[in-house]
Amino acid sequence: LPQRLQEGGGWAARSTAERFAEYAAVCAEALGALVGTWITQNEPWCAAFLGHQTGTKAPGIRDWPTAIAASHHLLLSHGLATSAIRSASPGPADVGIALNLAPIRPASGSEEDAAAALRQDGYLNRWFLDPVLRGHYPQDMVELYERHVGPLDVVAAGDLELISAPIDFLGVNYYNPIRV
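Residues numbered from 1 in each chain as written. Predicted model: local features only at pLDDT ≥ 70, side-chain atom pairs only at ≥ 80, totals over all residues. Heavy atoms only, no water.

Student: I'd like a rundown of the overall build of the protein, residues and numbers included.
Tutor: Secondary structure summary: the protein contains seven helices and five strands in total. Beginning at the N terminus, the succession of helices and strands in the protein can be written as α-α-β-α-α-β-β-α-α-α-β-β. Relative to a compact globule of 180 residues, whose C-alpha radius of gyration would be 16 Å, the protein shows 17 Å and is just as compact. Considering the protein as a whole, with its 180 residues, one finds that 44% of them fall into the buried category. Across the protein, every contact between residues at least 6 apart in sequence was considered, and the portion connecting residues at least 24 apart equals 69%. Approximately 9100 Å² of the protein is accessible, and the part contributed by carbon and sulfur atoms is 55%. The distance from the centre of the 12 positive side-chain charges to the centre of the 19 negative ones in the protein is 5 Å. (Helix = DSSP H or I, 4+ residues; strand = E, 2+ residues; numbered from the N terminus. Rg over C-alpha atoms; globule rule 2.2 N^0.38 Å. Buried < 20%, exposed > 50% of the residue type's maximum accessible area, 1.4 Å probe, protein only. Contact = heavy atoms within 4.5 Å. Areas by Shrake-Rupley, 256 points an atom, 1.4 Å probe, with all protein chains shown as cover. Lys, Arg positive; Asp, Glu negative; His and termini not counted. Charge placed at Lys NZ, Arg CZ, Asp CG, Glu CD.)

Written as structure tokens, this is what we have:
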């Protein structure tokens, strides 16, 4: 992310998603005759949560509300860029998103482990899959996050319709299963 955008709030700011869509349109207009397949975002979970919740990736922030806002704006940037690429490309454009996904398994048969696995699945997988493919965030995760960070007022009217615009493919970056 350009430093100037980071200084303006980075992915926690809605304006960054809008600037990303403008950038995507410029790229599609310039390269659309040569490039037919576009990935809007690669592993937005990493940028959102590793960059803004655990702080282990850039920009190194450790703040749950900021991470939630960043996750939403990364997904919003995908929706806005999908439309921008399709509009600006002089040639046919297949557009998708690449998510890092993993099967989540409970470490034991206990109810506690099953509940932990469901939360981990929501955090890693469903928080990104559901808005893109179903047009809504998973209700159990919305309730969990709102208990910890307050209302998710970062989600504006019409955002989920943009995020869930039809895609041509879903890229899956798979590394390993996770046992919780």
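There is more to say after this.
Student: Account for the environment of Leu118, with residues named and values stated.
Tutor: Looking at where Leu118 falls in the secondary structure, it is placed in helix 5 (residues 111–134). When the C-alpha positions of Leu118 and Pro106 are compared, they lie 8.4 Å apart, and in sequence the two are twelve residues distant. Contacts of Leu118, omitting those with residues within four sequence positions, involve Arg126 and Asp140.

Student: Would you mind going over the pattern of salt bridges in detail, with residue names and values included?
Tutor: Overall, the coordinates contain six salt bridges when judged by the stated rule. For Glu22, the salt bridge is made with Arg19, and the minimal N-O distance between the two is 2.8 Å. Taken as a pair, Glu22 and Arg19 lie in helix 2 (residues 14–31) at a separation of three residues, close to a single helical turn. Note on Glu22: relative accessible area 43%, which makes it partly exposed. Exposure remark for Arg19: the relative accessible area of 33% places this residue in the partly exposed category. In this structure, the salt-bridge partner of Arg86 is Asp168, at a minimum N-O distance of 2.8 Å. Of the two residues, Arg86 sits in helix 4 (residues 64–88) while Asp168 sits in the loop between helix 7 (159–163) and strand 4 (169–173), which places them 82 residues apart along the sequence. In this structure Arg86 comes out as partly exposed when scored by relative accessible area, which is 34%. Three or more residues joined by partner-sharing salt bridges are found here, namely Asp121, Arg126 and Asp140. (Salt bridge = Lys/Arg side-chain N within 4 Å of Asp/Glu carboxyl O.)

Student: Mind laying out the packing of helix 2 against helix 4, listing which residues take part and the relevant values?
Tutor: Interaxial distance between helix 2 and helix 4 falls to 8 Å at its minimum, and their mutual angle equals 30 degrees. One way to sum up the angle between helix 2 and helix 4 is to call them roughly parallel. As for the relative orientation of helix 2 and helix 4, their crossing is right-handed in sense. Where helix 2 abuts helix 4, its residues Arg14, Ala17, Glu18, Phe20, Ala21, Ala24, Ala25, Ala28 and Glu29 lie against His73, Leu76, Ser77, Leu80, Ala81, Ala84, Ile85 and Ala88. Taken together, the residues of the contact of helix 2 with helix 4 break down into twelve nonpolar, two polar and three charged. (Axes fitted to C-alpha atoms, helices over the stretch in contact; angles between N-to-C directions. Parallel < 35°, antiparallel > 145°, perpendicular 65-115°, else oblique. Left-handed = near helix turned anticlockwise from the far one by under 90°. Nonpolar A, V, L, I, M, F, W, Y, C, P; charged D, E, K, R; others polar.)

Student: Report on the sheet that holds strand 2 (residues 94–100), specifying residues and quantitative values.
Tutor: Taken together, three strands build an open sheet; the order of strands is 1-2-4 and the sheet is parallel. Either end of the sheet is taken by a strand with one partner, and the two such strands are strand 1 (37–42) and strand 4. The mean angle between the axes of side-by-side strands here comes to 30 degrees, regardless of whether they run parallel or antiparallel. Sheet topology note: the strand 2/strand 4 ladder contains five bridges and is parallel. Residue Gly96 lies in a different strand from strand 4, and its bridge partner there is Phe169. Contacting strand 1 and strand 2, helix 4 runs over the sheet at an angle of about 165 degrees to strand 1. (Pairing = 2+ DSSP bridges.)

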